[in-house]
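Next come the chains, spelled out residue by residue.
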Amino acid sequence: MIVVVVVVGLLAATMPESSFVAAVQDFILSDKSCYISGEAPLISFDTVRPTDEDWIGIYPSGNVSPDADPSLWLWTCGTQECWGKMTRGSISFGKSSEYVDIWPLDAGSYRAVLARNSQTDEFAYDFAATSPIFKVDSSCGTVGPEPNSANPTNMGPSTNIPTIATPTTNVPATANPTTYTPTSTAPSTRAPATVVPSTKEPINASPATSHPSLRTPTPVSTDAPVHNTQNKSMSSVIAAAKQELASLIRANPTLGPLLLRMVFHDCVGGCDGCINMSSPENARLDSAMYSLDSLVTKYEPMGLTRPDIWVLAATTGVELSMLDTEFCAIPFTSIGRQPCEAAHMTEGPNPEVCSSNIDTDDILIFFRATFGFTPQEAAALMGAHTVGRLRRDVLGFDGPNGRTLDNALFNNGYYKELVGPGTTYQEQVDNAPNWHQAFVDNSDLLGIPNRYQWEGSTNGEKIVMTNSDIALVRQLDSGNKAENGHVGCQFVPRGGSDETTCPMARSDLFVEMVKYRNDNQRFLHDFRDAFTKMTQTGYVVDTSSCDQHGICRLVKA
Ligand code: HEM
């Protein structure tokens, strides 16, 4: 076995910045966008063609290059001394004997990189995927809550930021990684900050198993009625899948909202388990898709399709983020959504999702045309924006705290940020929070346009809305809104401003926003119904197939 210590400065390979962008199938992601000093980043990765020469490096974001030193690195099997081919996993970069001298990471911005040593040139390596930027900063703990993990029993979100221990939950691509016994010289002589992983002699020549997402989906028979013994067990299959999904989401709290956004995009044009990642509006959704791969592989043979599991995952995420006292179950009672026919889930059909600069009337047109929604259903579904966040490196909006007071809690908080208290329309407009537009300069981010967004503050933390949110309560159209998103009227009347106040949105929409502001239970029930309708888009329920648990098969409309 040859272990060569490679000093980065000796590396010949130089690559243009653009080649560092993640291949469509490989991804790497940090569990948070901001860490307090000394907190361990948990880095998740997924790769289509794993080799036992894959490693993860953390680089200062301004210097992500094979010519530069990674600040920290580990093989994808989890240490600097293990061997193994890993398809996917999560690695904690906590304090470790491997880089005790340079721990913790200095304050600054970083990216994680999935790197792969060349099989032919022991001095060369390449970057297969690069994560979005994350920060290490002493103020991170005060920037507002990260979406938190729900309590272990069931649905109530805890307000604690989960402590991430150092488990390495990697999925070996072949067998379990064997532990490498270091020679007296090799790994221990590496000076971590100045060396990169050296080429290893492969000890396991067996080919990696193929990536689950590349398998041909197991078709669900549409012949079998649901009311038979096989389908009696369908409710237990669903319960088991849901339990595993809950564990996955609890372990990665930002995943829940991302899954919800993913399912919305998937169901535009019919829920088919495929989202075309070449479309910029779908940015980041591939990480959500890949996170479900192993569960798709496990549950497909039991009768749940990939789009079924995506819907179940989003459902689980929403339920987990409700308060116990306000809990409103979202029943998962329909199965049999058919995966698209594209070769890969990231290539499916690409129907247009609504723009974040959409006009008020066009929102209603979009939801009617796409899901057959009334204004009330459109207003209810948009309450999904209560949770989650807006990331500048995804679509160009800068809202790490999201749109609401508590962006981890699924309730009617969104409507309270958009509609003021009061019994008349005038009061509900005048007493609303004081949103103002701000310019977001994204010229430092390749391919991300500059934006206008609406900013407010709650408990001293910045929260953010886009025009598509504001348009639910103010009548936005080409008369008061430019193509670049700039709006020429103000949200609430402000003394001393020359700008007029934007008119209230059409009353059939506004009235629903008011109802949800004032009645959380009503919102949760109506969201449940609108979400269920959205997640059956493209199908009709075959009522003759329903079993005694009410689980029915969907057939293509
Ligand atoms: C007019 C239609 C909509 C527009 C223009 C829109 C736009 C956006 C934008 C710009 C973001 C920020 C993405 C980011 O920076 O990561 C976002 C996030 C999100 N959207 Fe929407 N959205 C719409 C409808 C919906 C619907 C119908 C749902 C769900 C049913 C939804 C669920 C979400 C969620 C949960 C997030 C947070 C994602 C995260 O934290 O990763 N959106 N949306």
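About the cut-offs
- Residues numbered from 1 in each chain as written.
- Predicted model: local features only at pLDDT ≥ 70, side-chain atom pairs only at ≥ 80, totals over all residues.
- Near = placed C-beta within 6 Å.
- Helix = DSSP H or I, 4+ residues; strand = E, 2+ residues; numbered from the N terminus.
- Nonpolar A, V, L, I, M, F, W, Y, C, P; charged D, E, K, R; others polar.
- Domains from an automatic or database assignment.
- Axes fitted to C-alpha atoms, helices over the stretch in contact; angles between N-to-C directions.
- Parallel < 35°, antiparallel > 145°, perpendicular 65-115°, else oblique.
- Left-handed = near helix turned anticlockwise from the far one by under 90°.
- Contact = placed C-beta atoms within 7 Å.
- Pairing = 2+ DSSP bridges.
- Expected span 1.5 Å × (residues − 1).
- Buried ≥ 20, exposed ≤ 12 C-beta atoms within 10 Å, placed from the backbone.

Visitor: Describe in detail the site of the ligand, supporting the description with residues and values.
Guide: Residues in close proximity to the ligand total 25 residues, the closest being Pro257, Ala384, Gly388, Val394 and Ser468. If you tally residues by element for the shell around the ligand, the top one is helix H3 (residues 255–267), at 5 residues. Split into classes, the residues belonging to the shell around the ligand amount to 15 nonpolar, 6 polar and 4 charged. A domain split of the shell around the ligand shows at least three residues from each of domain 2 (210–353 + 531–557) and domain 3 (356–518).

Visitor: Account for the packing of H3 against helix H6 (residues 306–320), with residues named and values stated.
Guide: For the pair H3 and H6, interaxial distance at closest approach is 8 Å and the crossing angle is 135°. As summarised for this structure, H3 and H6 are arranged oblique, according to the angle between their axes. Considering the relative orientation of H3 and H6, their crossing is left-handed. The residues of H6 that touch H3, namely those facing Gly256, Pro257, Leu259, Leu260, Met262, Val263 and Asp266, are Pro307, Trp310, Val311, Ala313, Ala314, Gly317, Val318 and Leu320. Residues belonging to the contact of H3 with H6 are distributed by class as follows: 12 nonpolar, 2 polar and 1 charged.

Visitor: Help me get a handle on the sheet that holds strand S14 (residues 436–440), residues and values and all.
Guide: As summarised here, the arrangement of the 3 strands in space is S14-S15-S16, forming an open sheet in which the pairing is antiparallel. Here the strands that pair on one side only, and so sit at the sheet edges, are S14 and strand S16 (461–465). Ignoring which end each strand starts from, the neighbouring axes of this sheet average 50° apart. Across 5 bridges, strand S15 (residues 451–458) lies against S16 in antiparallel orientation. The partner of Ser457 across the bridge, within S16, is Lys462.

Visitor: Before we move on, could you go through the packing of helix H2 (residues 234–251) against H6 and cite the residues and values that matter?
Guide: The contact between H2 and H6 brings their axes to 9 Å, and the two run at 60°. Accordingly, the angle class assigned to the pair H2 and H6 is oblique. The two elements H2 and H6 meet at a crossing, and its hand is right-handed. On H6, the residues touching Ile238, Ala241, Lys242, Leu245, Ala246 and Ile249 of H2 are Ile309, Leu312, Ala313, Thr316, Gly317 and Leu320. When the residues that make up the contact of H2 with H6 are grouped by side-chain class, the tally is 9 nonpolar, 2 polar and 1 charged.

Visitor: Can you explain H6? Please cite residues and give values.
Guide: With 15 residues, H6 extends 21 Å from end C-alpha to end C-alpha; this agrees with the ideal 21 Å at 1.5 Å per step. Here H6 lies mainly inside the structure; 15 of its 15 residues are buried.

Visitor: Kindly report on the sheet that holds strand S19 (residues 539–542), identifying the contributing residues and their values.
Guide: Pairing is mixed across the open sheet formed by 3 strands, whose spatial order is S13-S20-S19. With partners counted over all chains shown, the strands left at the sheet margins are strand S13 (334–335) and S19, one partner each. The pairing of S19 with strand S20 (residues 552–556) spans 4 bridges and is antiparallel. Bridged to Val540 within S20 is Val555.

Visitor: Please give an account of the pairing of strand S9 (residues 125–130) that cites residues and values.
Guide: The buried fraction of S9 amounts to 5 of the 6 residues, a majority that puts the element mostly inside the structure. Where strand S8 (residues 108–117) lies against S9, 5 bridges are found, and the strand directions are antiparallel. Looking at the pairing, Val113 lines up with Thr130 of S9.

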